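Reading the structure
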Amino acid sequence: MTNDERQKTIPKLVRADLALLPDYTPAHVTDPRAVIKLDSNENAYGPSPRVVQALSDTRTWQFYFGQDDVREQLARYANVAPENIVITNGGDEAIDLVLRAVLEHGDVVIDAPPSFEMYRISALANRARVFDVPRDENFALDVETICQTSNVKVICLASPNNPDGQLLPRVDLLRLLELGALVMLDEAYFEYAGESAVDLISEFPNLVLVRTFSKWAGLAGLRVGYIVASPELCNALHKLRAPYNVNWAGLVAARESLNDAEYLLNNVRATIAERERMCIELGKLGWLEPIPSKTNFLLLRVRGREPQAIKQSLAQRGILIRAFKSPRLKEYIRISIGTPQQNEIVLNALRNL
Ligand SMILES: Cc1ncc(COP(=O)(O)O)c(C=O)c1O
């Protein structure tokens, strides 16, 4: 093969429409414990000690393990039947699996930016057309425009939403469910919000919840999420998913997290208390306007300073936060809630900027 032929091979083989997807730029830190990492909404307290113990005690890595046992345990936690649950490789796989199961070429998917980027990426990867229905200046959903859009197959929403941390009002959700399109409601932060739409699952077969162990259980690196949906949709998803989509380490960790849910939920409560304290303290600085949040992070509007410069100054002090490139969010920063000690360091650094 000549060099020229070699260079043309892959563009000829890869789907041309993948050019629509943004370039792959994952957040990556070589040693997350060497910094105060508050840029990806991870759990500052880490996993349950029972997870760490169980992973080091497990001696059965050579076998394949299915998800049935953990699904039963998870069903009790989520207050649904095991038939309502599919365990996935993180919330990311949950989003992709749902979209892969329902989308046909050219179907219309509603995204409500700013929101979690994976809805758009997975919808495009599954050959859908994405209609953006932007949120208003307070990040509220434009329900009216969604209701007026015709031929919608899927509506992707997060409650609470990332990046603003606010819940979707239940009246809005009920209105959207009546449209008949599939409503994929991402409840990645539901433990921090204390509010869920899980009670609507039996009434609305077009409602699908996406959840994760990354946030409340501190398992982001192990990739465990799950879907709560009607038994019929779950059946279809089981057919489509890889038989061992969640690895045994992830399943062991999920099992032990559920066994130690009280410990983890205590950490969630500590994070909520810190979130409320940080909201007040950051507001006192005078140049940051926090948006009240129902998650483990805060979105803050920056007055009279440059968000990217704040991000860089904090990075020089070993503190990682998020600043955004998109025009809609260019005046904002997002800070995950850390431990009380970490939060104190952040406050002092911001006071001294
Ligand atoms: C709204 C939302 N959904 C899903 C996820 C993905 O979670 P996971 O780590 O389970 O893939 C995130 C992660 O930040 C998120 O913010």
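Summary of the structure given here. (Residues numbered from 1 in each chain as written. Predicted model: local features only at pLDDT ≥ 70, side-chain atom pairs only at ≥ 80, totals over all residues. Heavy atoms only, no water.)

**Some thoughts on the site of the ligand**
Put simply, the test is: Any residue with a heavy atom lying within 4 Å of a molecule or strand is counted as near it. Under this definition, polar contacts are N or O atom pairs within 3.5 Å; protein pairs additionally need one hydrogen-donor-capable and one acceptor-capable atom, and for neighbouring residues in sequence, both atoms have to be side-chain atoms. Here a strand is any run of E in DSSP of at least two residues, a helix any run of H or I of at least four, and the numbering for each starts at the N terminus. Charged means Asp, Glu, Lys or Arg here, nonpolar means Ala, Val, Leu, Ile, Met, Phe, Trp, Tyr, Cys or Pro, and polar covers whatever is left, Gly included.
The environment of the ligand is made up of 13 residues, and the closest members are G91, D186, T212, S214 and R223. Contacts to the ligand include D186, whose side-chain N or O atom sits 2.5 Å from a nitrogen atom. Taking T212, its side chain carries an N or O atom lying 2.5 Å from an oxygen atom of the ligand. Broken down by element, the residue count for the shell around the ligand peaks at three residues, all from helix 4 (residues 90-102). Counted by class, the shell around the ligand contains four nonpolar, five polar and four charged residues.

**Examining the nonpolar core**
Which entries qualify depends on this criterion: By convention a nonpolar core is built from buried Ala, Val, Leu, Ile, Met, Phe, Trp, Tyr and Cys residues, the set being connected through side-chain atoms within 4.5 Å. Under the scheme applied here, a residue whose accessible area is under 20% of the maximum for its type counts as buried, over 50% as exposed, and between as partly exposed, the area being computed with a 1.4 Å probe on protein chains only. The split into domains, and so the bounds of each, comes from an automatic or database assignment of domains. Only heavy atoms matter for contacts: two residues are in contact if any of them lie within 4.5 Å across the pair.
Ranked by size, the top nonpolar core spans 55 residues in total, and within it I155, L157, L207, F213 and W216 carry the most contacts. A per-element tally of this core places helix 10 (residues 248-259) first, with six residues. Each of domain 1 (3-45 + 262-351) and domain 2 (59-259) gives at least three residues to this core. Apart from the residues lying within four places of it in its own chain, the contact partners of I155 are I110, I146, L176, L179, A181, L182, V183 and M184. Counting 26 residues, the second largest nonpolar core, distinct from the first, contains V98, V102, Y119 and V208.

**Quick word on the packing of aromatic side chains**
Here is the rule: Between rings of Phe, Tyr and Trp, where Trp is taken as its six-membered ring, a pair exists when centres lie within 6.5 Å; planes separated by under 30 degrees are stacked, by over 60 edge-to-face, and by other angles tilted. A ring has a charge above it when a Lys NZ or an Arg CZ is no more than 6 Å from the ring centre and no more than 35 degrees off the ring normal.
For the structure shown, the criterion picks out eight aromatic pairs. Centroid distance F65 to W248: 3.7 Å. Interplanar angle 15°. Geometry classified as stacked. A residue pair is termed long-range when its members are at least 10 positions apart, and F65 in the loop between helix 2 (49-57) and helix 3 (68-78) and W248 in helix 10 qualify at 183 residues. On the basis of relative accessible area, F65 is assigned to the partly exposed category, the value being 27%. Both rings, one in F116 and one in Y119, keep their centres 5.8 Å apart while their planes meet at 75°; by these two values the pair is edge-to-face. One Lys or Arg, R305, reaches over the ring of W287 and ends 4.0 Å from the middle of that ring. The ring centre of F139 lies 4.3 Å from the NZ or CZ of R328, which sits over that ring.

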